[in-house]
Amino acid sequence: MSANKIFLRYYPPGLAINYRTAKGSERVRHFDLLDLDSKTDIVPLADKILLQSLAETEEEPSDEDEDKTSPCVPASGHVTSSQNTFSALKQALGKLQRKLREPVKKKFYLHKCHTSHILPLTNVCFDRTGERCLTGSYDRTCHVINTQTAEVEHTLTGHDNVVFSVGFNTPRCDKIVTGSFDCTAKVWSASSGQCLCTLFGHTAELVATEFHPLHGQAIATASMDGTARIYDVETAHELQQLTHHGAEVIAARFNRDGQMLLTGSFDHTAAIWDTRTKSCCHQLRGHSAELSNCVWNFSGSLIATGSLDHTARLWDIRRMDQELHLVSKHNDEVLDVAFDAAGRLLATCSSDCTARVWSLDGASGQLEMLSLMAGHSDEVSKVCFSPSGCMLLTASADNTARLWLTESGHCSQVLAGHEAEVFSCAYSYAGDAILTASKDNTCRFWR
(Lines give C-alpha, C1' and ligand atoms only; values in the text may rest on other atoms or scores of the structure.)
Protein backbone atom coordinates (compact mmCIF):
# COMPACT_ATOMS: atom_id res chain seq x y z
CA MET A 1 0.00 0.00 0.00
CA SER A 2 1.20 3.50 -0.82
CA ALA A 3 -0.19 6.33 1.28
CA ASN A 4 -0.64 9.76 -0.28
CA LYS A 5 -0.85 11.68 2.99
CA ILE A 6 -1.10 11.07 6.72
CA PHE A 7 -3.13 13.43 8.89
CA LEU A 8 -2.96 13.74 12.67
CA ARG A 9 -5.58 14.51 15.28
CA TYR A 10 -4.08 15.51 18.62
CA TYR A 11 -7.16 15.49 20.88
CA PRO A 12 -7.96 12.70 21.31
CA PRO A 13 -4.99 11.01 19.59
CA GLY A 14 -5.76 9.66 16.15
CA LEU A 15 -4.66 9.70 12.54
CA ALA A 16 -6.06 9.31 9.05
CA ILE A 17 -4.32 7.79 6.03
CA ASN A 18 -5.19 8.95 2.53
CA TYR A 19 -4.34 6.37 -0.13
CA ARG A 20 -5.46 4.85 -3.43
CA THR A 21 -7.09 1.45 -3.69
CA ALA A 22 -6.10 -1.17 -6.27
CA LYS A 23 -9.05 0.03 -8.35
CA GLY A 24 -7.67 3.56 -8.40
CA SER A 25 -10.12 5.32 -6.12
CA GLU A 26 -8.98 7.49 -3.22
CA ARG A 27 -9.81 6.42 0.30
CA VAL A 28 -9.32 7.82 3.79
CA ARG A 29 -8.90 5.37 6.66
CA HIS A 30 -9.34 6.78 10.20
CA PHE A 31 -7.69 5.30 13.28
CA ASP A 32 -8.60 6.29 16.82
CA LEU A 33 -5.61 5.90 19.14
CA LEU A 34 -7.36 6.53 22.44
CA ASP A 35 -4.95 4.33 24.39
CA LEU A 36 -1.80 5.96 23.00
CA ASP A 37 0.44 7.40 25.68
CA SER A 38 4.07 8.43 26.09
CA LYS A 39 5.11 4.84 26.88
CA THR A 40 3.41 3.10 23.94
CA ASP A 41 5.73 1.09 21.68
CA ILE A 42 4.96 2.65 18.32
CA VAL A 43 6.65 0.01 16.13
CA PRO A 44 4.03 -2.75 16.63
CA LEU A 45 1.30 -0.10 16.59
CA ALA A 46 2.48 1.19 13.21
CA ASP A 47 2.63 -2.39 11.95
CA LYS A 48 -0.93 -3.05 13.10
CA ILE A 49 -2.24 0.11 11.41
CA LEU A 50 -0.46 -0.77 8.18
CA LEU A 51 -1.86 -4.31 8.16
CA GLN A 52 -5.40 -3.05 8.70
CA SER A 53 -4.99 -0.58 5.86
CA LEU A 54 -3.57 -3.23 3.53
CA ALA A 55 -6.56 -5.46 4.20
CA GLU A 56 -8.85 -2.80 2.80
CA THR A 57 -6.93 -1.64 -0.24
CA GLU A 58 -8.95 -3.87 -2.52
CA GLU A 59 -12.24 -2.45 -1.30
CA GLU A 60 -14.05 0.56 -2.68
CA PRO A 61 -14.80 3.32 -0.16
CA SER A 62 -18.16 3.29 1.54
CA ASP A 63 -20.38 6.36 1.79
CA GLU A 64 -19.61 6.55 5.48
CA ASP A 65 -15.85 6.76 4.89
CA GLU A 66 -16.28 9.37 2.20
CA ASP A 67 -18.32 11.59 4.47
CA LYS A 68 -16.15 11.15 7.54
CA THR A 69 -14.40 14.48 7.90
CA SER A 70 -11.88 14.90 10.70
CA PRO A 71 -10.28 17.95 12.31
CA CYS A 72 -6.80 16.66 11.50
CA VAL A 73 -3.60 18.39 10.50
CA PRO A 74 -1.12 17.03 7.93
CA ALA A 75 1.60 14.93 9.54
CA SER A 76 3.74 14.94 6.46
CA GLY A 77 3.80 15.68 2.77
CA HIS A 78 3.02 13.14 0.09
CA VAL A 79 4.13 9.59 0.92
CA THR A 80 4.67 8.33 -2.59
CA SER A 81 6.58 5.11 -2.03
CA SER A 82 4.89 2.10 -0.47
CA GLN A 83 8.13 1.15 1.30
CA ASN A 84 8.13 4.52 3.02
CA THR A 85 4.59 4.22 4.39
CA PHE A 86 5.67 2.25 7.46
CA SER A 87 8.41 4.77 8.20
CA ALA A 88 5.98 7.66 7.77
CA LEU A 89 3.55 5.96 10.16
CA LYS A 90 6.24 5.65 12.81
CA GLN A 91 7.14 9.32 12.37
CA ALA A 92 3.48 10.33 12.66
CA LEU A 93 2.98 8.26 15.82
CA GLY A 94 6.16 9.73 17.28
CA LYS A 95 4.80 13.21 16.63
CA LEU A 96 1.60 12.33 18.50
CA GLN A 97 3.67 11.00 21.39
CA ARG A 98 5.74 14.18 21.56
CA LYS A 99 2.52 16.18 21.72
CA LEU A 100 1.42 14.06 24.69
CA ARG A 101 4.73 14.81 26.43
CA GLU A 102 4.41 18.58 26.06
CA PRO A 103 4.07 20.45 29.36
CA VAL A 104 0.46 21.13 30.31
CA LYS A 105 -0.30 24.82 30.78
CA LYS A 106 -1.30 25.20 34.43
CA LYS A 107 -1.31 28.98 34.82
CA PHE A 108 -3.35 31.47 32.81
CA TYR A 109 -3.37 35.25 32.86
CA LEU A 110 -6.18 37.64 32.01
CA HIS A 111 -5.71 38.63 28.38
CA LYS A 112 -8.83 40.68 27.65
CA CYS A 113 -12.17 41.46 29.23
CA HIS A 114 -15.07 41.76 26.79
CA THR A 115 -17.69 44.23 28.04
CA SER A 116 -19.97 44.94 25.08
CA HIS A 117 -23.02 42.99 26.31
CA ILE A 118 -25.48 45.01 28.36
CA LEU A 119 -27.10 42.03 30.13
CA PRO A 120 -25.78 38.77 31.63
CA LEU A 121 -24.11 36.20 29.40
CA THR A 122 -25.54 32.71 28.98
CA ASN A 123 -23.06 30.57 27.04
CA VAL A 124 -19.72 30.81 25.25
CA CYS A 125 -17.62 28.67 22.90
CA PHE A 126 -14.42 28.84 20.81
CA ASP A 127 -14.05 28.03 17.15
CA ARG A 128 -11.56 25.29 16.21
CA THR A 129 -8.61 27.68 15.85
CA GLY A 130 -9.27 29.56 19.10
CA GLU A 131 -9.09 32.84 17.19
CA ARG A 132 -12.80 33.58 17.54
CA CYS A 133 -15.44 32.91 20.12
CA LEU A 134 -19.20 33.24 20.44
CA THR A 135 -21.13 34.75 23.32
CA GLY A 136 -24.86 34.54 23.95
CA SER A 137 -26.69 36.94 26.23
CA TYR A 138 -29.91 37.98 27.84
CA ASP A 139 -29.62 41.14 25.72
CA ARG A 140 -30.92 39.05 22.76
CA THR A 141 -27.68 39.18 20.79
CA CYS A 142 -24.76 36.92 19.97
CA HIS A 143 -21.30 38.42 19.55
CA VAL A 144 -18.55 37.01 17.33
CA ILE A 145 -15.36 38.13 19.05
CA ASN A 146 -11.73 38.14 18.00
CA THR A 147 -9.97 36.56 20.98
CA GLN A 148 -6.70 38.38 20.31
CA THR A 149 -8.12 41.89 20.36
CA ALA A 150 -11.45 41.30 22.20
CA GLU A 151 -13.06 43.32 19.40
CA VAL A 152 -16.54 42.36 18.26
CA GLU A 153 -16.34 41.24 14.62
CA HIS A 154 -20.10 40.79 14.30
CA THR A 155 -23.15 41.41 16.46
CA LEU A 156 -25.84 38.91 15.52
CA THR A 157 -29.20 40.60 16.02
CA GLY A 158 -32.68 39.37 15.19
CA HIS A 159 -33.78 37.21 18.10
CA ASP A 160 -36.66 38.57 20.16
CA ASN A 161 -35.60 37.02 23.45
CA VAL A 162 -32.59 35.60 25.34
CA VAL A 163 -29.91 33.92 23.18
CA PHE A 164 -29.16 30.84 25.24
CA SER A 165 -27.30 28.41 22.96
CA VAL A 166 -24.41 29.23 20.60
CA GLY A 167 -22.19 27.00 18.46
CA PHE A 168 -19.99 26.65 15.38
CA ASN A 169 -20.20 23.90 12.76
CA THR A 170 -16.92 22.30 13.83
CA PRO A 171 -14.44 21.69 12.28
CA ARG A 172 -15.13 24.10 9.38
CA CYS A 173 -16.52 26.83 11.65
CA ASP A 174 -17.90 28.86 8.75
CA LYS A 175 -21.44 28.83 10.16
CA ILE A 176 -22.98 29.66 13.52
CA VAL A 177 -26.19 28.46 15.15
CA THR A 178 -27.99 30.34 17.90
CA GLY A 179 -30.95 29.11 19.93
CA SER A 180 -33.26 31.53 21.70
CA PHE A 181 -36.06 31.78 24.19
CA ASP A 182 -38.07 33.28 21.28
CA CYS A 183 -38.74 29.65 20.17
CA THR A 184 -36.45 29.86 17.12
CA ALA A 185 -32.94 28.97 16.07
CA LYS A 186 -30.99 30.96 13.51
CA VAL A 187 -28.07 30.04 11.24
CA TRP A 188 -25.49 32.71 10.44
CA SER A 189 -22.44 33.16 8.24
CA ALA A 190 -19.41 33.29 10.52
CA SER A 191 -17.48 35.50 8.09
CA SER A 192 -20.15 38.11 7.32
CA GLY A 193 -22.51 37.85 10.28
CA GLN A 194 -25.44 37.57 7.87
CA CYS A 195 -28.46 35.52 8.96
CA LEU A 196 -28.79 32.63 6.51
CA CYS A 197 -32.07 31.18 7.79
CA THR A 198 -34.44 30.95 10.75
CA LEU A 199 -35.68 27.61 12.06
CA PHE A 200 -39.31 27.72 13.16
CA GLY A 201 -41.55 25.11 14.74
CA HIS A 202 -40.90 25.04 18.47
CA THR A 203 -43.55 26.52 20.76
CA ALA A 204 -41.37 27.28 23.79
CA GLU A 205 -37.81 28.33 24.66
CA LEU A 206 -34.88 26.70 22.84
CA VAL A 207 -32.12 25.71 25.25
CA ALA A 208 -29.80 23.59 23.07
CA THR A 209 -28.69 23.60 19.42
CA GLU A 210 -26.01 21.59 17.63
CA PHE A 211 -24.75 21.06 14.08
CA HIS A 212 -24.43 17.57 12.60
CA PRO A 213 -20.81 16.59 13.39
CA LEU A 214 -19.84 15.34 9.92
CA HIS A 215 -21.38 17.49 7.23
CA GLY A 216 -23.02 20.30 9.22
CA GLN A 217 -26.07 20.23 6.96
CA ALA A 218 -28.46 19.40 9.79
CA ILE A 219 -29.11 20.99 13.18
CA ALA A 220 -30.62 19.40 16.28
CA THR A 221 -32.57 21.54 18.75
CA ALA A 222 -34.00 20.95 22.22
CA SER A 223 -36.85 22.93 23.67
CA MET A 224 -38.91 23.49 26.76
CA ASP A 225 -41.93 22.50 24.64
CA GLY A 226 -41.01 18.86 25.33
CA THR A 227 -39.62 18.10 21.88
CA ALA A 228 -36.32 17.88 20.04
CA ARG A 229 -36.20 18.57 16.33
CA ILE A 230 -33.80 18.17 13.42
CA TYR A 231 -33.68 20.76 10.64
CA ASP A 232 -32.07 20.99 7.21
CA VAL A 233 -29.64 23.92 7.19
CA GLU A 234 -29.99 24.76 3.49
CA THR A 235 -33.79 24.71 3.27
CA ALA A 236 -34.62 25.49 6.94
CA HIS A 237 -37.21 22.70 6.71
CA GLU A 238 -37.95 20.52 9.71
CA LEU A 239 -36.74 16.98 9.00
CA GLN A 240 -37.77 15.26 12.22
CA GLN A 241 -39.81 16.01 15.32
CA LEU A 242 -38.88 13.86 18.31
CA THR A 243 -41.79 13.77 20.74
CA HIS A 244 -41.23 10.81 23.05
CA HIS A 245 -40.39 12.81 26.18
CA GLY A 246 -43.06 13.77 28.68
CA ALA A 247 -41.51 17.05 29.84
CA GLU A 248 -39.04 19.76 28.83
CA VAL A 249 -36.04 18.64 26.72
CA ILE A 250 -32.82 20.29 27.87
CA ALA A 251 -30.16 18.59 25.70
CA ALA A 252 -29.84 17.27 22.16
CA ARG A 253 -26.46 15.83 21.12
CA PHE A 254 -25.41 13.92 18.03
CA ASN A 255 -23.04 11.01 18.43
CA ARG A 256 -19.78 11.14 16.52
CA ASP A 257 -21.13 10.03 13.13
CA GLY A 258 -24.46 11.80 13.50
CA GLN A 259 -26.51 8.64 13.10
CA MET A 260 -27.78 8.77 16.69
CA LEU A 261 -29.14 11.64 18.75
CA LEU A 262 -29.11 11.77 22.54
CA THR A 263 -31.74 13.85 24.32
CA GLY A 264 -32.15 14.60 28.04
CA SER A 265 -35.35 15.71 29.70
CA PHE A 266 -36.99 16.94 32.86
CA ASP A 267 -39.08 13.74 32.66
CA HIS A 268 -36.12 12.07 34.47
CA THR A 269 -34.97 10.17 31.36
CA ALA A 270 -32.59 10.38 28.43
CA ALA A 271 -33.48 8.96 25.04
CA ILE A 272 -31.47 7.70 22.07
CA TRP A 273 -32.88 8.27 18.61
CA ASP A 274 -31.89 6.73 15.27
CA THR A 275 -31.76 9.69 12.90
CA ARG A 276 -32.00 7.38 9.87
CA THR A 277 -35.19 5.56 10.89
CA LYS A 278 -36.54 8.55 12.85
CA SER A 279 -37.33 6.32 15.79
CA CYS A 280 -36.62 6.22 19.52
CA CYS A 281 -34.27 3.27 20.10
CA HIS A 282 -33.91 3.37 23.87
CA GLN A 283 -34.99 5.37 26.87
CA LEU A 284 -32.57 5.50 29.78
CA ARG A 285 -34.53 5.18 33.00
CA GLY A 286 -33.28 5.25 36.57
CA HIS A 287 -33.04 8.86 37.68
CA SER A 288 -35.69 10.08 40.11
CA ALA A 289 -35.52 13.78 39.23
CA GLU A 290 -34.92 16.12 36.30
CA LEU A 291 -31.79 15.65 34.18
CA SER A 292 -29.28 18.51 34.17
CA ASN A 293 -27.20 17.23 31.25
CA CYS A 294 -26.33 14.17 29.17
CA VAL A 295 -23.25 13.55 27.00
CA TRP A 296 -21.64 10.93 24.75
CA ASN A 297 -18.03 9.89 25.16
CA PHE A 298 -15.84 10.32 22.07
CA SER A 299 -16.34 6.81 20.67
CA GLY A 300 -20.08 6.84 21.33
CA SER A 301 -19.88 3.69 23.44
CA LEU A 302 -20.82 5.38 26.72
CA ILE A 303 -23.33 7.97 27.88
CA ALA A 304 -23.21 10.00 31.09
CA THR A 305 -26.29 11.59 32.62
CA GLY A 306 -26.45 14.06 35.50
CA SER A 307 -29.56 14.71 37.55
CA LEU A 308 -31.03 16.85 40.27
CA ASP A 309 -31.53 13.59 42.20
CA HIS A 310 -27.90 14.09 43.43
CA THR A 311 -26.54 11.34 41.14
CA ALA A 312 -24.85 10.82 37.81
CA ARG A 313 -25.11 7.59 35.85
CA LEU A 314 -22.88 5.97 33.28
CA TRP A 315 -24.55 3.89 30.56
CA ASP A 316 -23.13 1.35 28.11
CA ILE A 317 -25.01 1.52 24.80
CA ARG A 318 -24.74 -2.28 24.46
CA ARG A 319 -27.08 -2.75 27.44
CA MET A 320 -29.20 0.18 28.44
CA ASP A 321 -31.85 -1.46 30.57
CA GLN A 322 -29.76 -0.47 33.59
CA GLU A 323 -26.88 1.92 34.20
CA LEU A 324 -23.34 0.60 34.06
CA HIS A 325 -22.29 2.70 37.06
CA LEU A 326 -24.07 4.89 39.59
CA VAL A 327 -22.24 7.98 40.89
CA SER A 328 -23.80 8.80 44.23
CA LYS A 329 -21.07 10.61 46.20
CA HIS A 330 -22.46 14.14 45.74
CA ASN A 331 -24.57 15.60 48.54
CA ASP A 332 -26.70 17.83 46.34
CA GLU A 333 -27.94 18.25 42.77
CA VAL A 334 -25.52 17.19 40.00
CA LEU A 335 -25.49 20.17 37.65
CA ASP A 336 -23.12 19.05 34.88
CA VAL A 337 -21.23 16.04 33.52
CA ALA A 338 -18.36 15.91 31.02
CA PHE A 339 -16.02 13.32 29.50
CA ASP A 340 -12.38 14.00 28.69
CA ALA A 341 -11.37 13.87 25.03
CA ALA A 342 -10.43 10.18 25.09
CA GLY A 343 -13.52 9.16 27.06
CA ARG A 344 -11.63 7.52 29.92
CA LEU A 345 -12.38 10.17 32.55
CA LEU A 346 -15.73 11.53 33.69
CA ALA A 347 -16.20 14.79 35.60
CA THR A 348 -19.26 15.69 37.67
CA CYS A 349 -20.10 18.90 39.52
CA SER A 350 -22.77 19.77 42.00
CA SER A 351 -24.65 22.26 44.11
CA ASP A 352 -22.61 20.82 47.00
CA CYS A 353 -19.78 23.18 45.84
CA THR A 354 -17.53 20.34 44.60
CA ALA A 355 -16.48 18.64 41.41
CA ARG A 356 -15.22 15.09 41.13
CA VAL A 357 -13.29 13.16 38.51
CA TRP A 358 -13.92 9.47 37.91
CA SER A 359 -11.62 7.03 36.12
CA LEU A 360 -13.06 4.25 33.99
CA ASP A 361 -10.83 1.20 33.70
CA GLY A 362 -11.32 -0.14 30.19
CA ALA A 363 -10.08 -3.60 31.10
CA SER A 364 -12.09 -4.22 34.26
CA GLY A 365 -14.95 -1.85 33.52
CA GLN A 366 -14.75 -0.43 37.05
CA LEU A 367 -15.40 3.22 37.82
CA GLU A 368 -13.31 4.73 40.60
CA MET A 369 -13.15 8.25 42.00
CA LEU A 370 -9.82 9.72 40.96
CA SER A 371 -10.04 13.11 42.68
CA LEU A 372 -12.23 15.52 44.61
CA MET A 373 -12.14 19.22 43.78
CA ALA A 374 -13.19 21.12 46.91
CA GLY A 375 -12.67 24.86 47.30
CA HIS A 376 -15.58 26.70 45.71
CA SER A 377 -17.87 28.45 48.20
CA ASP A 378 -21.02 28.11 46.10
CA GLU A 379 -22.53 25.68 43.59
CA VAL A 380 -20.41 24.49 40.67
CA SER A 381 -22.52 24.63 37.52
CA LYS A 382 -20.08 23.76 34.73
CA VAL A 383 -17.10 21.42 34.22
CA CYS A 384 -14.85 20.86 31.22
CA PHE A 385 -11.54 19.08 30.73
CA SER A 386 -8.48 20.53 29.06
CA PRO A 387 -7.83 18.88 25.67
CA SER A 388 -5.14 16.65 27.19
CA GLY A 389 -7.36 15.77 30.16
CA CYS A 390 -4.71 16.76 32.72
CA MET A 391 -6.66 19.80 33.94
CA LEU A 392 -10.28 20.40 34.88
CA LEU A 393 -11.99 23.79 34.56
CA THR A 394 -14.97 24.61 36.78
CA ALA A 395 -17.39 27.55 36.83
CA SER A 396 -19.17 28.55 40.02
CA ALA A 397 -21.77 30.83 41.53
CA ASP A 398 -19.04 32.11 43.88
CA ASN A 399 -17.98 34.49 41.04
CA THR A 400 -14.88 32.46 40.13
CA ALA A 401 -13.69 29.74 37.80
CA ARG A 402 -10.96 27.38 38.96
CA LEU A 403 -8.34 25.16 37.37
CA TRP A 404 -7.60 21.81 38.99
CA LEU A 405 -5.04 19.06 38.48
CA THR A 406 -7.11 16.10 37.35
CA GLU A 407 -5.18 13.35 39.12
CA SER A 408 -4.70 15.02 42.50
CA GLY A 409 -7.67 17.40 42.73
CA HIS A 410 -5.26 20.18 43.71
CA CYS A 411 -6.43 23.69 42.77
CA SER A 412 -3.84 25.07 40.36
CA GLN A 413 -5.39 28.51 39.93
CA VAL A 414 -8.40 30.63 40.83
CA LEU A 415 -9.62 32.70 37.87
CA ALA A 416 -10.99 35.67 39.79
CA GLY A 417 -12.31 39.06 38.77
CA HIS A 418 -15.93 38.48 37.78
CA GLU A 419 -18.44 40.32 39.93
CA ALA A 420 -21.28 37.80 39.62
CA GLU A 421 -21.89 34.11 39.01
CA VAL A 422 -19.68 32.48 36.38
CA PHE A 423 -22.24 30.68 34.27
CA SER A 424 -20.17 29.21 31.43
CA CYS A 425 -16.55 28.35 30.63
CA ALA A 426 -14.61 26.77 27.78
CA TYR A 427 -11.14 25.60 26.76
CA SER A 428 -9.73 26.26 23.30
CA TYR A 429 -8.98 23.18 21.20
CA ALA A 430 -5.23 23.73 21.63
CA GLY A 431 -5.62 24.13 25.39
CA ASP A 432 -3.79 27.46 25.46
CA ALA A 433 -6.78 29.73 26.12
CA ILE A 434 -9.84 29.81 28.38
CA LEU A 435 -13.14 31.66 28.29
CA THR A 436 -15.25 32.50 31.32
CA ALA A 437 -18.68 34.13 31.03
CA SER A 438 -20.60 35.71 33.85
CA LYS A 439 -23.87 37.24 34.91
CA ASP A 440 -21.85 40.46 35.42
CA ASN A 441 -22.35 41.01 31.64
CA THR A 442 -18.68 40.26 30.82
CA CYS A 443 -16.62 37.57 29.17
CA ARG A 444 -12.98 37.13 30.10
CA PHE A 445 -10.21 35.67 27.92
CA TRP A 446 -7.35 33.94 29.72
CA ARG A 447 -4.05 32.91 28.11
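Just so you know, these numbers come straight off a predicted model, no measurement behind them.

Procedures and definitions
Residues numbered from 1 in each chain as written. Predicted model: local features only at pLDDT ≥ 70, side-chain atom pairs only at ≥ 80, totals over all residues. Heavy atoms only, no water. Helix = DSSP H or I, 4+ residues; strand = E, 2+ residues; numbered from the N terminus. Rg over C-alpha atoms; globule rule 2.2 N^0.38 Å. Contact = heavy atoms within 4.5 Å. Areas by Shrake-Rupley, 256 points an atom, 1.4 Å probe, with all protein chains shown as cover. Buried < 20%, exposed > 50% of the residue type's maximum accessible area, 1.4 Å probe, protein only. Pairing = 2+ DSSP bridges. Phe/Tyr/Trp six-rings, centres within 6.5 Å; stacked < 30°, edge-to-face > 60°. Axes fitted to C-alpha atoms, helices over the stretch in contact; angles between N-to-C directions. Salt bridge = Lys/Arg side-chain N within 4 Å of Asp/Glu carboxyl O.

## Structural notes on the overall build of the protein chain
Working step 1: Helix and strand counts for the protein chain stand at 3 helices and 36 strands.
Working step 2: The C-alpha atoms of the protein chain give a radius of gyration of 22 Å, which matches the 22 Å a tight globule of 447 residues would have.
Working step 3: In terms of overall dimensions, the protein chain has a C-alpha envelope of 60 × 50 × 50 Å along the principal axes.
Working step 4: Within the protein chain, contacts between residues at least 6 apart in sequence are counted, and of these 47% link residues at least 24 apart.
Working step 5: Carbon together with sulfur atoms contributes 47% to the accessible area of the protein chain, which is approximately 18400 Å² in total.

## Quick notes on the environment of F339
Working step 1: Position of F339 among the secondary structure elements: in strand β26 (residues 334-339).
Working step 2: When the C-alpha positions of F339 and N297 are compared, they lie 5.9 Å apart, and in sequence the two are 42 residues distant.
Working step 3: Those residues in contact with F339 that lie beyond four places of it in its chain are V295, W296, N297, L302, I303, A304, L314, L345, L346 and F385.

## Here we look at the pairing of strand β16 (residues 228-232)
Working step 1: Most of β16 sits inside the fold, with 4 of its 5 residues counted as buried.
Working step 2: In this structure, strand β15 (residues 218-223) lies alongside β16, joined through 5 bridges in antiparallel fashion. Paired with I219 across the strands is Y231, a residue of β16.
Working step 3: From the end of β15 to the start of β16, which pair antiparallel, there are 4 residues, and G226 there has a positive phi angle of about 90°.

## Here we look at the packing of aromatic side chains
Working step 1: Applying the stated rule across the entire model yields 4 aromatic pairs.
Working step 2: Plain terms: the ring middles of Y11 and Y429 are 5.7 Å apart, the flat faces sit at 75° to each other, and that makes the pair edge-to-face. One end of the pair, Y11, is in the loop between β1 (3-9) and β2 (14-20); the other, Y429, is in the loop between β34 (422-427) and β35 (434-438), with 418 residues separating them in the sequence.
Working step 3: Since its relative accessible area comes to 22%, Y429 is described here as partly exposed.
Working step 4: Residues F164 and F423 carry aromatic rings whose centres are separated by 6.2 Å and whose planes lie at 70° to one another, so their mutual orientation is edge-to-face. Taken as a pair, F164 in strand β10 (residues 163-168) and F423 in strand β34 lie far apart in primary sequence, 259 residues in all.

## Quick look at the sheet that holds strand β30 (residues 380-385)
Working step 1: Taken in spatial order, the 4 strands of this open sheet run β30-β31-β32-β33, and their pairing is antiparallel. Looking at which strands have only one partner, the edges of the open sheet turn out to be β30 and β33 (411-415). Adjacent strand axes in the sheet meet at a mean angle of 20°, parallel and antiparallel pairs treated alike.
Working step 2: Note: strand β32 (residues 401-405) against β33, 4 bridges, orientation antiparallel. Paired with A401 across the strands is L415, a residue of β33.

## Observations concerning the sheet that holds strand β27 (residues 345-350)
Working step 1: Strand order in the open sheet formed by 4 strands is β26-β27-β28-β29, and the pairing between neighbours is antiparallel. Sheet topology places β26 and β29 (367-374) at the edges, where each strand pairs with a single neighbour. Strand-to-strand twist of the sheet, defined as the mean angle between neighbouring strand axes without regard to direction, takes the value 20°.
Working step 2: Both β27 and strand β28 (residues 354-360) contribute to a ladder of 5 bridges, which runs antiparallel.

## Section: the pattern of salt bridges
Working step 1: Taken as a whole and judged by the stated rule, the model has 13 salt bridges.
Working step 2: One salt bridge connects R318 with D316, and the closest N-O pair in it is separated by 2.7 Å.
Working step 3: Taking the relative accessible area as the measure of exposure, D316 reaches 9% and is therefore buried.
Working step 4: Here the salt bridges do not stand alone but share partners, grouping R9, D32 and R256 into one network.

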